[in-house]
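Topology and contacts: notes
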Amino acid sequence: MATDLHELLRSLRVWDPEVTELPPFDPEAAPGEPLPLFTTWFAEAVAAGEREPHTMNLATTDEEGRPDARIVMLHGADTDGWSFATHTTSRKGHQLAAHPYAALTFYWPVLGRQVRLRGPVSVAPAEEAQADLHARSTGALAAALTGRQSEVLGSVAELARASQSAWEHAQAHPTADAPTWTLYRLRPDEAEYFQGDSARRHVRLRYRRAAGAWARELLWP
């Protein structure tokens with residue numbers, strides 16, 4: 001089985017030209033702050049047909065400083081930070097309470113691009129979290145109302161019963177509150193933009209907060 005895995009790995013290509021276009025990136029022409037560039041790159045990923053470009057890796061640390069990571073959905077990005085949501089009672093909610101500092105990574109392979117962000121995480125006002133939730137689908141509200149995220153589950157049947165009840169409640173009460181559902185904002189201290197290059201001369205532009213302003217620097221690939 002291990003041999004089969006290795007053979008499969010060797011058969012794969014990174015940035016297959018049939019499905020990937022590696023656009024040029026001139027860091028000298030990049031804006032002075034990371035948010036405008038993110039907005040541009042995100043729109044270009046959507047236009048290029050990237051599947052689920054709003055999904056991102058969220059990395060946190062637990063009470064003992066051990067890393068943890070998972071894929072979550074971007075809820076917005078503005079001058080207050082990059083937003084995502086979860087239950088305060090979830091595993092990542094507990095980790096963020098213990099260490100309110102995290103990292104986000106976006107990967108858009110159709111353009112050979114990554115965006116990496118690191119910074120402190122704050123909690124948005126509760127009314128903003130509920131408004132954000134109610135602007136989403138009935139399924140999103142039902143999932144939030146189901147709750148108990150990261151707790152041990154007794155059986156699939158138990159989940160089905162709880163989910164069905166939550167769906168019925170969400171359909172009957174589309175503005176129902178999910179008290180533990182929380183909107184978080186990561187305000188980056190660092191933001192790195194990576195553009196892949198077919199000759200492996202990848203461009204890495206890093207923004208760093210310094211004395212209340214953004215400093216820019218290139219990194220070796």
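Residues numbered from 1 in each chain as written. Predicted model: local features only at pLDDT ≥ 70, side-chain atom pairs only at ≥ 80, totals over all residues. Heavy atoms only, no water.

Counted under the stated rule, the structure contains 14 salt bridges. Between R70 and D68 there is a salt bridge; the shortest N-O distance is 3.6 Å. Taking the relative accessible area as the measure of exposure, D68 reaches 18% and is therefore buried. A salt bridge links R91 to D68; its shortest N-O distance comes to 3.1 Å. Here R91 is found in helix α3 (residues 91-98), whereas its partner D68 is found in strand β2 (residues 67-73), with 23 residues between them in sequence. The class of R91 is exposed, set by a relative accessible area of 53%. Each of D62, E64 and R66 takes part in salt bridges that share partners, so that together they form one network. (Salt bridge = Lys/Arg side-chain N within 4 Å of Asp/Glu carboxyl O. Buried < 20%, exposed > 50% of the residue type's maximum accessible area, 1.4 Å probe, protein only. Helix = DSSP H or I, 4+ residues; strand = E, 2+ residues; numbered from the N terminus.)

Moving on, we get to a nonpolar patch on the surface. Residues L5, L8, L9 and L12 make up a contiguous nonpolar surface patch of about 410 Å² in total accessible area. Of note, L8 is situated in helix α1 (residues 2-11). (Patch = residues over 30% accessible without salt bridge, like charges linked within 9 Å, V, L, I, M, F, W, Y side chains within 5 Å. Areas by Shrake-Rupley, 256 points an atom, 1.4 Å probe, with all protein chains shown as cover.)

This paragraph deals with the packing of helix α5 (residues 138-146) against helix α6 (residues 156-172). Orientation of α5 relative to α6, taken along the N-to-C sense of each, is 125 degrees, at an axis distance of 8 Å. Classed by the angle they form, the pair α5 and α6 counts as oblique. For α5 against α6, the interelement crossing comes out right-handed. Every residue of α6 that contacts α5 at T138, G139, L141, A142, L145 and T146 is listed here: L159, A162, S163, A166, W167, H169, A170 and Q171. Broken down by class, the residue content of the contact of α5 with α6 amounts to eight nonpolar, six polar and no charged. (Axes fitted to C-alpha atoms, helices over the stretch in contact; angles between N-to-C directions. Parallel < 35°, antiparallel > 145°, perpendicular 65-115°, else oblique. Left-handed = near helix turned anticlockwise from the far one by under 90°. Contact = heavy atoms within 4.5 Å. Nonpolar A, V, L, I, M, F, W, Y, C, P; charged D, E, K, R; others polar.)

This part takes up unusual backbone geometry. One non-glycine residue, S150, lies in positive phi territory at about 80 degrees. Secondary-structure assignment places S150 in the loop between α5 and α6. The residue A211 is not glycine, and still its phi comes out positive at about 55 degrees. Relative accessible area serves as the criterion here: at 90%, A211 is assigned to the exposed category.

Of the positions making up helix α4 (residues 126-134), those classed as buried are A129, Q130, D132 and L133. All buried residues of α4 fall inside an arc of 160 degrees around its axis, so they share one side. Of the surrounding elements, those touching the buried residues of α4 are α5 and β7 (181-186). (Arc of directions from axis to C-beta.)

With that settled, the discussion passes to the packing of aromatic side chains. Enumeration according to the criterion identifies 12 aromatic pairs in this entry. Measuring from ring centre to ring centre gives 5.2 Å for F25 and W41, while their planes differ by 70 degrees; the resulting arrangement is edge-to-face. Of the two residues, F25 sits in the loop between α1 and α2 (34-47) while W41 sits in helix α2, which places them 16 residues apart along the sequence. Note on W41: relative accessible area 2%, which makes it buried. Ring geometry for Y207 against W214: centres 6.3 Å apart, planes inclined by 90 degrees, an arrangement best described as edge-to-face. (Phe/Tyr/Trp six-rings, centres within 6.5 Å; stacked < 30°, edge-to-face > 60°.)

By secondary structure assignment, the location of R113 is in strand β6 (residues 113-123). What R113 contacts, discounting residues up to four positions off in sequence, is P23, W41, E44, F106, Y107, W108, F194 and Q195.

With that settled, the discussion passes to the environment of P109. On the secondary structure map, P109 appears in the loop between β5 (101-108) and β6. Distance from P109 to L22, taken between C-alpha atoms, is 9.1 Å for residues 87 residues apart in sequence.

Interpretation note: all reported values are geometric properties and have no functional meaning in isolation.
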